[in-house]
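One-letter residues, chain by chain:
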Amino acid sequence: LYRAALAQTLAQDYDLVLGSVHWIDDMAPYEPERMTYSTEKMFQRYWEEMERMVETGGFQIIAHLDYPKRYYNACLFEDQTVLRILQKACDKGMALEINTSPFRKEETEPMPGSRLLELYAKAGGYHITLGSDAHEPEQVGTGIERGLAFGSSYGFQPCWFENKKLKTGVWG
């Protein structure tokens, strides 16, 4: 964790802060060729870092829950580990991002996929946000309707944040 950067971020007047894990022991899952861990070890460390991030808190939304899946074409986890992490997140009132970027690649599921969304529901999760993870202007909003339908099929409620406070109902 980057504690100084987190403190600086939290001091800003943002409506929300996203929490995500992009680095594992000075290595990035998006550079699998530089990863010195086996795939199994990388995912083990990833979930350990995700749990540490949730325990540290300071953010409202867990983003990119299964981020390494983009680069490994798989998402390795033990249900009990992820369930424990998501229960901690729910206890802290965190929402879960449904990332629709896989729809740009003609994939059938958003990120996180079905099994992780089932675990989020089992953990007591209810609130979701939607993000297209756009890196180009023409990608903004791609797949949002599909992501909303996907989340709604699990009974999740979309939400947004004002002054770091969760809001539901008609988008404002």
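Higher on the page you've got the structure.
A brief structural summary.

Each value, and the rule that gives it
- Residues numbered from 1 in each chain as written.
- Predicted model: local features only at pLDDT ≥ 70, side-chain atom pairs only at ≥ 80, totals over all residues.
- Heavy atoms only, no water.
- Helix = DSSP H or I, 4+ residues; strand = E, 2+ residues; numbered from the N terminus.
- Rg over C-alpha atoms; globule rule 2.2 N^0.38 Å.
- 1 Å grid on protein atoms, 1.4 Å probe; cavity = no way out; pocket = protein on both sides within 12 Å on 5 of 7 lines; lining within 4 Å.
- Points joined across faces, edges and corners; volume = space filled by probe spheres on them.
- Nonpolar A, V, L, I, M, F, W, Y, C, P; charged D, E, K, R; others polar.
- Axes fitted to C-alpha atoms, helices over the stretch in contact; angles between N-to-C directions.
- Parallel < 35°, antiparallel > 145°, perpendicular 65-115°, else oblique.
- Left-handed = near helix turned anticlockwise from the far one by under 90°.
- Contact = heavy atoms within 4.5 Å.
- Core = buried A, V, L, I, M, F, W, Y, C linked by side-chain atoms within 4.5 Å.
- Buried < 20%, exposed > 50% of the residue type's maximum accessible area, 1.4 Å probe, protein only.
- Salt bridge = Lys/Arg side-chain N within 4 Å of Asp/Glu carboxyl O.

A few words now on the overall build of the protein. Each helix and strand in the protein was counted, giving seven helices and six strands. N-terminal to C-terminal, the α/β element order of the protein is α-β-α-β-α-α-β-α-α-β-α-β-β. Taking 2.2 N^0.38 as the reference for a compact globule, 172 residues should give roughly 16 Å; the C-alpha atoms of the protein span a radius of gyration of 16 Å, in line with that estimate. In terms of principal-axis extent, the alpha carbons of the protein reach across some 45 × 40 × 35 Å.

It is worth spelling out the layout of surface pockets at this point. There is about 170 Å³ of room inside the second largest pocket. Together, twelve residues line the second largest pocket, and I61, T129, L130, G131 and C159 are the ones closest to its centre. Listed by contribution, the elements that provide at least two residues to the lining of the second largest pocket are β4 (127-131) and β5 (157-162). Of the residues in the lining of the second largest pocket, the class split is nine nonpolar, two polar and one charged.

Let us look at the packing of helix α2 (residues 39-56) against helix α4 (residues 79-91). Their axes nearest at 9 Å, the elements α2 and α4 cross at an angle of 15°. Here α2 lies roughly parallel to α4, going by the angle between them. Of the two elements, α2 crosses α4, and the hand of that crossing is left-handed. Side by side, α2 and α4 meet where W47, M50, E51, V54 and E55 of the first sit next to T81, V82, R84, I85, K88 and A89 of the second. Among the residues making up the contact of α2 with α4, the classes are represented as six nonpolar, one polar and four charged.

Glancing now at the nonpolar core. Y46, W47, M50, V54, I62 and L65 are the most contacted members of the largest nonpolar core, which has 36 residues in total. When contributions to this core are tallied by element, the ones reaching two or more residues are α2, α4, β3 (95-99), α6 (114-122) and β4. Top element by residues in this core is α2. It accounts for seven residues. If sequence neighbours within four positions are ignored, M50 has contacts with V21, I62, H64, L65 and I85.

All buried positions along α6 are accounted for by S114, L116, L117, L119 and Y120. Turning to α6, the residues buried within the fold contact α2, α4, β3, β4 and α7 (144-152). Positive phi shows up at G124, right after α6, with a value of about 100°.

This brings us to the pattern of salt bridges. Where charged atoms from two side chains of opposite charge approach closely, those side chains can pair. Here the structure, examined in full by the defined rule, presents eleven salt bridges. When the shortest N-O distance is used, the salt bridge between R45 and E49 registers 2.9 Å. Of the two residues, R45 and E49 both sit in helix α2, four residues apart, roughly one turn of that helix. We classify E49 as buried; its relative accessible area is 12%. For E49, the salt bridge goes to R52, with nearest N and O atoms at 3.7 Å. One end of the pair, E49, and the other, R52, are both in helix α2, three residues apart, so they sit about a helical turn from each other. With a relative accessible area of 34%, R52 lands in the partly exposed category. By sharing partners, the salt bridges in this structure join D25, R45, E48, E49 and R52 into a single network.

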